[in-house]
Amino acid sequence: MKKRILVTGGAGFLGSHLCERLLDEGNEVLCLDNFFTGRKENIIHLTSNPYFEVIRHNITLPLFVEVDEIYNLACPASPIFYQRDPVQTTKTSILGAVNMLGLAKRLNIKVLQASTSEIYGDPLSHPQSESYWGNVNPLGIRACYDEGKRCAETLFFDYHRQNNVKIKVIRIFNTYGPRMSPHDGRVVSNFIMQALQDKDISIYGNGNQTRSFCYVSDMIEAMIMTMQTGDDFTGPVNIGNTNEHTIMTLAEKIIALTGSKSEISYHPLPADDPIQRQPDITLAKKVLGWEPKVQWDEGLRNTIEYFRSLI
Ligand SMILES: NC(=O)c1ccc[n+]([C@@H]2O[C@H](COP(=O)([O-])OP(=O)(O)OC[C@H]3O[C@@H](n4cnc5c(N)ncnc54)[C@H](O)[C@@H]3O)[C@@H](O)[C@H]2O)c1
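Reading the values: the criteria
Residues numbered from 1 in each chain as written. Predicted model: local features only at pLDDT ≥ 70, side-chain atom pairs only at ≥ 80, totals over all residues. Heavy atoms only, no water. Helix = DSSP H or I, 4+ residues; strand = E, 2+ residues; numbered from the N terminus. Rg over C-alpha atoms; globule rule 2.2 N^0.38 Å. Buried < 20%, exposed > 50% of the residue type's maximum accessible area, 1.4 Å probe, protein only. Contact = heavy atoms within 4.5 Å. Areas by Shrake-Rupley, 256 points an atom, 1.4 Å probe, with all protein chains shown as cover. Lys, Arg positive; Asp, Glu negative; His and termini not counted. Charge placed at Lys NZ, Arg CZ, Asp CG, Glu CD. Axes fitted to C-alpha atoms, helices over the stretch in contact; angles between N-to-C directions. Parallel < 35°, antiparallel > 145°, perpendicular 65-115°, else oblique. Left-handed = near helix turned anticlockwise from the far one by under 90°. Nonpolar A, V, L, I, M, F, W, Y, C, P; charged D, E, K, R; others polar. Pairing = 2+ DSSP bridges. Near = heavy atom within 4 Å. Polar contact = N/O pair within 3.5 Å; in protein donor to acceptor, adjacent residues only side chain to side chain. Core = buried A, V, L, I, M, F, W, Y, C linked by side-chain atoms within 4.5 Å. Phe/Tyr/Trp six-rings, centres within 6.5 Å; stacked < 30°, edge-to-face > 60°. Lys NZ or Arg CZ within 6 Å of the ring centre and 35° of its normal.

A. Highlighting the overall build of the protein chain. Scanning the protein chain for helices and strands turns up 9 helices and 13 strands. The C-alpha radius of gyration of the protein chain comes to 19 Å, within 12% of the 19 Å expected for a compact globule of 311 residues. With respect to the three principal axes, the spread of C-alpha positions in the protein chain is 55 × 45 × 40 Å. The burial tally for the protein chain puts 56% of its 311 residues in the buried class. Pairs at least 24 residues apart make up 81% of the contacts formed inside the protein chain by residues separated by at least 6 positions. In the form shown here, the protein chain has an accessible surface area of approximately 13600 Å², with 51% of it arising from carbon and sulfur atoms. When the 31 basic and 35 acidic side-chain charges of the protein chain are each reduced to a single mean position, those positions are 4 Å apart.

This is how it looks when you write it as structure tokens:
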């Protein structure tokens, strides 16, 4: 059945893929964005669809629209952008959550929160399962994002307990793919941009820190499957790829796939940068029947082609 769906942060990397997928499935989509990190180029190809609407709005302010479901993705996601205006980042997470939960409560509809693996901070437990409470420095430069997202989760669960709001919380681990911003300083986009221009690949620390990378189409699939679960399933549920790689391996892989002449350069590790990250996705497999399908080589090739088209 056709639904009218609100996607906040719809002009961003993940949001634009989600809008596209929901439209492809025959839904009507309201894309809300203040274009802080989102770009019109990400959604321009959707604007000829009469079932796609764009609302320029800051989610920290209340919004009244009639919709059937809400996906709440609005929030800058890369350290460079979320540390640019940390107070606004915390406000976006917390006031944005309050506004979207209030709307879901009034309309008696489901609301999905795009939470993050960052709520685990620099984890002392590995791999991270949903029962792990995390190890976050509340005073550090990443706290505006980490603690903002943690408080948003608290709000989601309190609205659920207190007001019976139908919530879904997913904890997104590192995701990559076309439409990532080329200047967001995230490791995949950074390395590809540097490799394509034969510039030095900057590794922060010794390159032995690990990350697990999920391709965007797998992530969008999981978001939609989570929204479709029954009202009794709230999450939180980890969504990500379990294949863990060192940052050094990623650099070498990207150099090989691009045929680049880049060398590696080493820089100091930023404060509170996690050493190890890998999701435990047992719950997602059990409840959603989901696991990532796209292999590293295929995902990286698609992403490299996208960045090549930008240069
Ligand atoms: N990409 C990842 O690896 C990843 C990992 C964990 C969590 N997430 C979460 O997924 C969501 C989307 O991330 P992304 O990678 O697409 O980031 P993104 O920066 O590309 O997208 C975020 C979007 O939100 C918009 N936005 C920011 N502040 C806003 C505000 N106050 N009002 C309205 N719009 C606002 C931005 O303009 C942008 O379009 C974020 O909530 C992020 O925390 C992403």
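Past the structure itself, the notes keep going.
B. Spotlight on the packing of helix α5 (residues 187-196) against helix α9 (residues 296-310). Two elements in contact, α5 and α9, have axes whose closest approach is 10 Å; the angle formed by their N-to-C orientations is 60 degrees. In terms of orientation, α5 lies oblique with respect to α9. For the pair α5 and α9, the crossing hand works out as right-handed. Between α5 and α9, the residues in contact are V188, S189, I192, M193 and L196 and L300, T303, I304, F307 and R308, respectively. By residue class, the composition of the contact of α5 with α9 is 7 nonpolar, 2 polar and 1 charged.

C. Spotlight on the sheet that holds strand β6 (residues 166-172). Across the sheet, which stays open at both edges, the 7 strands sit in the order β3-β2-β1-β4-β5-β6-β11 with parallel pairing between neighbours. Each of the sheet's edge strands pairs with one partner strand only, and the pair in question is β3 (52-56) and β11 (237-239). The average undirected angle you get between the axes of adjacent strands in this sheet is 20 degrees. Pairing of strand β2 (residues 28-33) with β3 involves 5 bridges; the strand directions are parallel. Each residue of the ladder has a partner; that of C31, found in β3, is V54. Where helix α4 (residues 143-163) meets the sheet, it contacts β5 (110-116) and β6, and its direction lies at approximately 155 degrees from that of β5.

D. Region of the structure containing the site of the ligand. What surrounds the ligand is a group of 31 residues, the closest being L14, D33, T37, Y145 and K149. Here G12 contributes a backbone N or O atom positioned 3.1 Å from an oxygen atom of the ligand. For the ligand, an oxygen atom lies 2.7 Å from a polar atom in the side chain of K149. The element best represented in the shell around the ligand is β5, accounting for 3 residues. When its residues are assigned to classes, the shell around the ligand shows 15 nonpolar, 13 polar and 3 charged.

E. Here's a closer look at the nonpolar core. Core analysis: the largest hydrophobic core is formed by 60 residues, its most contacted members being L18, Y71, V188, F191, M223, I239 and L250. No other element matches helix α6 (residues 216-227), which puts 7 residues into this core.

F. Spotlight on α5. The buried fraction of α5 is high, at 9 of 10 residues. When we look at burial in α5, the residues that qualify are V187, V188, S189, N190, F191, I192, M193, Q194 and A195. Those residues of α5 hidden inside the fold are in contact with β7 (175-176), β8 (201-204), α7 (247-258) and α9. The first or second residue beyond α5 is D198, which carries a positive phi of 55 degrees.

G. Local environment of the packing of aromatic side chains. A full pass over the atoms with the stated rule returns 6 aromatic pairs. Ring geometry for Y176 against F213: centres 6.4 Å apart, planes inclined by 90 degrees, an arrangement best described as edge-to-face. Linking Y176 in strand β7 with F213 in the loop between β9 (210-212) and β10 (214-215), this pair joins segments that are 37 residues apart in sequence. Of the two residues, Y176 and F213, neither departs from the other in class, the shared state being buried. Ring pairs connect the aromatic residues Y120, Y132 and F173, which therefore count as one cluster. Above the ring of Y51, the side-chain terminus of K2 is found at 3.8 Å from the ring centroid. Positioned above the aromatic ring of F35, the side-chain terminus of K40 is 5.6 Å from the ring centre.

H. A look at the packing of α7 against α9. One way to put it is that α7 packs onto α9 with a least axis distance of 11 Å and a crossing angle of 60 degrees. In terms of orientation, α7 lies oblique with respect to α9. Considering only the axes of α7 and α9, their crossing is right-handed. Facing α7, whose interface residues are T249, L250, K253, I254, L257 and T258, α9 presents W296, D297, L300, R301 and I304.

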